[in-house]
Every structure is written in C-alpha cells, then in structure tokens.
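Structural description and commentary
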Amino acid sequence: MTDVDSLHDVVAAIYGCACVDDSWEAALEAIRDEVDGSAVCLRIHEMRGVSRDYLTTVGEYCTDDATRAWESRAERQSIDTECELGAVRIVNWSSFGLENGLVNELKSFGISETLYHCFAKSDRTSFSLAITRNFGDRSFDQKDIDKIRHLGRHFSHAVELHEKHFRHSLAGHHQAAALDQLNIAGILVDRFGSVIPLNQTATDLLDTGDSLHLCHGKLTAAVRSCNIRLQDILKKVISGRHGENATYALAIERRTAQRPLGVVIHATTTKCPVSNRMENSALIFARDPETSFETDPLLLQKLFAFTPAEANLAIGLAKGQPLKEIEDALRIRHNTARAHLRAMFSKADVTRQAELVSLLTNSVAPLGRKQITRN
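Counting restarts for each chain: residues are numbered from 1 in the order of the written sequence. Reporting of local features is limited, given that this is a predicted model, to residues whose pLDDT is at least 70; pairs of side-chain atoms are given and counted only at 80 or more, and all residues count toward the totals for whole chains, interfaces and linings. Only hydrogens and water are set aside; all other atoms, that is, all heavy atoms of the structure, feed into the side-chain values.

What about the overall build of the chain?
For clarity, the threshold we go by: Numbering goes from the N terminus for both helices and strands, where a helix is a DSSP run of H or I of at least four residues and a strand is a run of E of at least two. For the radius of gyration, the atoms used are the C-alpha atoms, and the globule rule reads 2.2 Å times the number of residues raised to 0.38. Each residue's exposure class comes from its accessible area (1.4 Å probe, protein chains only) as a fraction of the maximum for that residue type: buried when under 20%, exposed when over 50%, partly exposed otherwise. Any two residues having at least one pair of non-hydrogen atoms within 4.5 Å are treated as being in contact. Note on areas: Shrake-Rupley, 1.4 Å probe, and residue coverage restricted to the protein chains presented here. Two residue types count as positive, namely Lys and Arg, and two as negative, namely Asp and Glu; His and chain ends fall outside the count. A single reference atom marks each charge: NZ on Lys, CZ on Arg, CG on Asp, CD on Glu.
Counting its regular elements, the chain contains 12 helices and 14 strands. The C-alpha atoms of the chain give 31 Å as radius of gyration, which overshoots the globular expectation for 375 residues (21 Å, by more than 25%). Counting only C-alpha atoms and orienting by the principal axes, one finds that the chain spans roughly 90 × 55 × 35 Å. Put simply, the chain has 375 residues, and 41% of those count as buried. In the chain, of all internal contacts separated by at least 6 residues, the share reaching a separation of at least 24 is 52%. Taken as a whole, the chain presents about 21,100 Å² of accessible surface, with 52% of it coming from carbon and sulfur. Separation between the mean location of the 44 positive side-chain charges and that of the 49 negative ones in the chain comes to 10 Å.

See below:
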C-alpha cells in the first residue's frame, strides 16, 4: 500500500466516525498507525460558563482519565500545551529539567515527544490532537507535520458533519417523541412506495396490523375496500396528480370490532438521499380513537393553579366523562363538584364547561400525559 493509499484510508476512517453515534476512537487509531505514534488524544475544549474538556485517548498505557488528570496538573504547574488554530507544535519532554515531577511521569511511561495540533476552533469550542512518541522512536519531522495538517483539515470537516448529523438526529428523536405523546402515528411513503415509520406509535400500529400493515414492504390497509381507496390516494400524491387538493382524509376500517382508524394524508416533498433532488412523497398521520390518556394532575395544578381535587375533576372532563360519573369516581357530592367547577372557570378564565374542556385538550397538558390503551 502506498503512502497516498494509507492516507486515504485514514481520511475514510475520520469521515466514517462523523456519521455514527460512536466515539472517534477508530479515527484516532487510524491516525496513530499512520504517523507511528504511541498514543493519540482528541481534546474537545468547551467554554460555556464553566470550561470543560472531553478527551478520547487511544494507545499505549493511556486512558481518558489518566490523560485528563495529567493535563489538569500540567495546567496548574503552568506547563504550556496550548496550540493556536492551524498550528502544529512539538514539545520535547527531554528538554525539561529533572526537578519537574510531572514531566518525569511522562518519561517513566517512555514518552519523549508530543505533537499538538489545533485543527478547529469556534467562539466556544476548540478541537485539538495530541500525538506522542516514545524514547527510541524517530522524532517528528516536516513530513509528519504536513501529514497531520492534512488530516486535521479533514477532521475539521468531519467534526462539522458530525455536529449537523447529531442535531438532525436529536431533532428527529424529540419530534418523534412529541408525536408519541399525542398518540399520533407518523408514516412517510416515498416515490418508490418505501415506508418509513417516523415514531414508535407508527411502528406499533404497523406491527398490530388490524388496520394498516406492510405487505411486501408496501403500506396496505387490512380491509380490501379501504386499501383500494388508500392506494388510489397514494398514487395521486406520489405522482403529483393531486391537483389543488393536497390533503386527504379517510377512515380505515379494522379487522376487529374497534372504531375505524382516522388517517390524514398530506402531499409533500422530500429530498432523495441518492440523487439529492426533491421528489413527491406522502406524509401520513394516523390516530387510534381507542386510546385514551391519563393526564398528570400535578401538571394541571401547575398550569392552571387548580387544587388536587379540581385537577382530578378536570381530568375526568377532558376524558369526556359525564359529571355524575366523575362525582361517583371521586366520591364527592354534586354541589361540591359544582363549586369546584366555578373555581376552575375563574382560574382558567372561561364561563362554560365546554370552554374548559376545549382549553384542557388544546393546552400543553396532553404532552405530559400517560397513554392508556383500551382493551
């Protein structure tokens, strides 16, 4: 393998780590092999109120904790290990006197030199590589410096890609969690008919299979008459023949005696990951009417200043229970329930029970509730 080929392999390892949720260890190991280092450390230094360092270390005798402890002591003893952006700095530990016990610790592990390179920096974060060589190894030369600068530029791009990937992944995760809290299944169908469940509720819905399921990888309604209508809508949406009507709604009947599943289909566009072109897709939302929720009473108390008794009464109203049924469940008299309602009207700034129920169901309270599926 030529030097160019081996360098390409290291670059590939760096970008490979940028697209996964694992650490940078594979990239650091590739760099260590490429430059014949005894150890390589990636240091991420963040300034957000309190300064913090995140270290990943690979190589002989090295651990993250040991490296962090050494750097902390080096800072207290004013041993300069800093490096300006884009610069490469080599520290020969043999030049330090014998009286420096901290440097002697490095020497006891056989470390003779450390090459520092800061390859990326922003207003709040800096990224640096530290590469060590042992006594008996050759010293770092200009070829090593050029190689590290080249790899540092790729590492800088990889860090940026990794941050974007993480942010998109984090946003998608929390958006899916919000849909789950509302018991809404989100499903994306692309131009090839490939189905992408967007949250756990969608996965569970397809696994159940009594209304919607996957048949040979395609989204299918369990009841034939509903499936004919579903496939017709999907063809219109994906082909772009939906005209001005870009939203469809239908009730998907079930194989069981439960209520039909309510489904809304939106015509949308998504970017093809291969061609990078915008293409027609179908964004589907479904909600199971057989599922109810139990709102946390403490949440209602904080949102509306309800008492515990008022919060429990509000939960019953939001679930659609008759007032008499709620009174029996809470073991309170009708006059007591009416008194609670008057107090709740005042606190919620409404005048009628219907307004109160609407306020409760349209507030953020549903996001703090626990899902209960009816048998």
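Things to note about the sheet that holds strand S6 (residues 184-189)
Selection criterion: Any two strands are treated as partners once DSSP identifies two or more bridges connecting them. The axes used here are C-alpha line fits, helices contributing only the stretch in contact, and every angle between their N-to-C directions lies in the interval 0 to 180 degrees.
Read from one edge of the open sheet, 5 strands run S7-S6-S12-S11-S10, paired in antiparallel fashion. Each edge of the open sheet is held by one strand with a lone partner, namely strand S7 (195-197) and strand S10 (247-252). Strand-to-strand twist across the sheet, computed as the mean angle between neighbouring axes with direction ignored, equals 25°. Here helix H7 (residues 224-239) sits on the sheet and contacts S6, S10, strand S11 (261-271) and strand S12 (278-287); the angle it forms with S10, its principal contact strand, is near 165°.

As for the packing of helix H9 (residues 308-318) against helix H10 (residues 323-330)
Note the following rule: Note on angle classes: values under 35 degrees are labelled roughly parallel, values over 145 roughly antiparallel, values of 65 to 115 roughly perpendicular, and the remainder oblique. Here a crossing is taken to be left-handed if its near helix is turned anticlockwise relative to the far helix by less than a right angle, and right-handed if that turn runs clockwise. In this classification, Asp, Glu, Lys and Arg are treated as charged, Ala, Val, Leu, Ile, Met, Phe, Trp, Tyr, Cys and Pro as nonpolar, and every other residue, Gly included, as polar.
It is at 10 Å that the axes of H9 and H10 come closest, and there the two elements cross at 140°. It follows that H9 is oblique to H10 by the angle criterion. Taken as a pair, H9 and H10 cross one another with a handedness that is right-handed. Contacts between H9 and H10 pair Asn312, Leu313, Gly316 and Leu317 from the former with Leu323, Ile326 and Leu330 from the latter. Counted by class, the contact of H9 with H10 contains 5 nonpolar, 2 polar and no charged residues.

A look at unusual backbone geometry
Generally, phi is negative for residues other than glycine and the peptide bonds are trans, each holding for most cases. Even without glycine at this site, Asp36 takes up a positive phi of about 55°. Judged by its relative accessible area of 46%, Asp36 is partly exposed.

Remarks on the packing of aromatic side chains
For clarity, the threshold we go by: Here a Phe, Tyr or Trp ring, Trp counted by its six-membered ring, pairs with any other such ring whose centre lies within 6.5 Å, and the pair is stacked when the planes are under 30 degrees apart, edge-to-face when over 60, and tilted otherwise.
On inspection of all chains with the given rule, the structure shows 4 aromatic pairs. Residues Phe119 and Phe127 carry aromatic rings whose centres are separated by 6.1 Å and whose planes lie at 35° to one another, so their mutual orientation is tilted. We note that Phe119, like Phe127, is buried. Of the aromatic side chains, those joined through ring pairs into one cluster are Trp24, Phe119, Phe127 and Phe155.

Points about the pattern of salt bridges
For the record, the criterion: Any Lys or Arg side-chain nitrogen found within 4 Å of a carboxyl oxygen on Asp or Glu counts as a salt bridge.
Per the counting criterion, the structure on display carries 16 salt bridges. Between Arg32 and Glu29 there is a salt bridge, with the nearest N and O atoms lying 3.2 Å from each other. Placement of both Arg32 and Glu29 in helix H2 (residues 25-35) is noted, with a separation of 3 residues, approximately one turn of the helix. Each of Asp36, Arg133, Arg138, Asp141 and Asp144 takes part in one network of salt bridges that share partners.

Re the confidence of the model for the chain
Residues shown with low pLDDT carry predicted positions that ought not to be read at fine detail. To be explicit about the condition: pLDDT measures how confident the predictor is about each residue, on a scale from 0 to 100.
For the chain, the mean per-residue pLDDT works out to 87, and 92% of the residues sit at or above 70. Note on residues 371-375: pLDDT is under 50 here. Beyond four places in sequence and across chains, it has 16 contacts.

Concerning H2
Three- or four-residue spacings in an α-helix give side chains the same orientation, since the helix completes a turn every 3.6 residues. Residues of H2 that are buried include every one of Ala27, Leu28, Ala30, Ile31, Arg32, Glu34 and Val35, and no others. The positive-phi residue at the C-terminal boundary of H2 is Asp36, with phi of around 55°.

Considerations on the nonpolar core
In a soluble, globular protein the nonpolar side chains are often hidden away together inside. Put simply, the rule is: The set of buried Ala, Val, Leu, Ile, Met, Phe, Trp, Tyr and Cys residues whose side-chain atoms join them within 4.5 Å is what this entry labels a nonpolar core.
Counting 31 residues, the largest nonpolar core has Trp24, Ile31 and Phe155 as its most contacted members. The set of elements that each furnish at least two residues to this core consists of helix H1 (3-18), H2, strand S1 (39-48), strand S4 (111-121), strand S5 (125-134) and helix H5 (142-181). A total of 7 residues in this core trace back to one element, the largest contributor, which is H1. Apart from residues no more than four positions distant in its own chain, Ile31 is found in contact with Val10, Ile14, Val40, Leu129, Ile131, Ile148, Leu151 and Phe155. Counting 26 residues, the second largest nonpolar core, distinct from the first, contains Ala185, Leu205, Ile238 and Tyr248.

A word on H9
Of the positions making up H9, those classed as buried are Glu310, Ala311, Leu313, Ala314, Ile315, Gly316 and Leu317. Gly320 sits one or two residues past H9 and shows a positive phi near 85°.

Focus on the pairing of strand S8 (residues 212-215)
Inspection of the sheet shows S8 paired to strand S9 (residues 218-221) by 4 bridges, in the antiparallel sense. Its bridge partner lying in S9, His213 is registered against Thr220. Two successive antiparallel strands, S8 and S9, enclose a turn made up of 2 residues, where His216 displays a positive phi of approximately 55°.

Comments concerning the state of the cysteines
For clarity, the threshold we go by: For this text, the term disulfide refers to a pair of cysteine sulfurs within 2.5 Å.
Going through the model one piece at a time under the given rule, you end up with 0 disulfides. The thiol sulfur of Cys17 is not disulfide-bonded, and the nearest other cysteine sulfur, from Cys19, lies at 9.5 Å. When its relative accessible area of 5% is taken as the criterion, Cys17 is described as buried. The closest cysteine sulfur to the non-disulfide-bonded Cys215 is located on Cys226, 16 Å from its own sulfur.

Concerning the packing of H2 against H5
Pairs of packed helices are described in terms of their axes, by the angle between the two and the distance that separates them. It is at 11 Å that the axes of H2 and H5 come closest, and there the two elements cross at 165°. Accordingly, the angle class assigned to the pair H2 and H5 is roughly antiparallel. Here H2 and H5 pass one another in a crossing that is right-handed. Taken together, the residues of H5 that come into contact with H2 (itself represented by Ala27, Leu28, Ile31, Glu34 and Val35) are Lys147, Ile148, Leu151 and Phe155.

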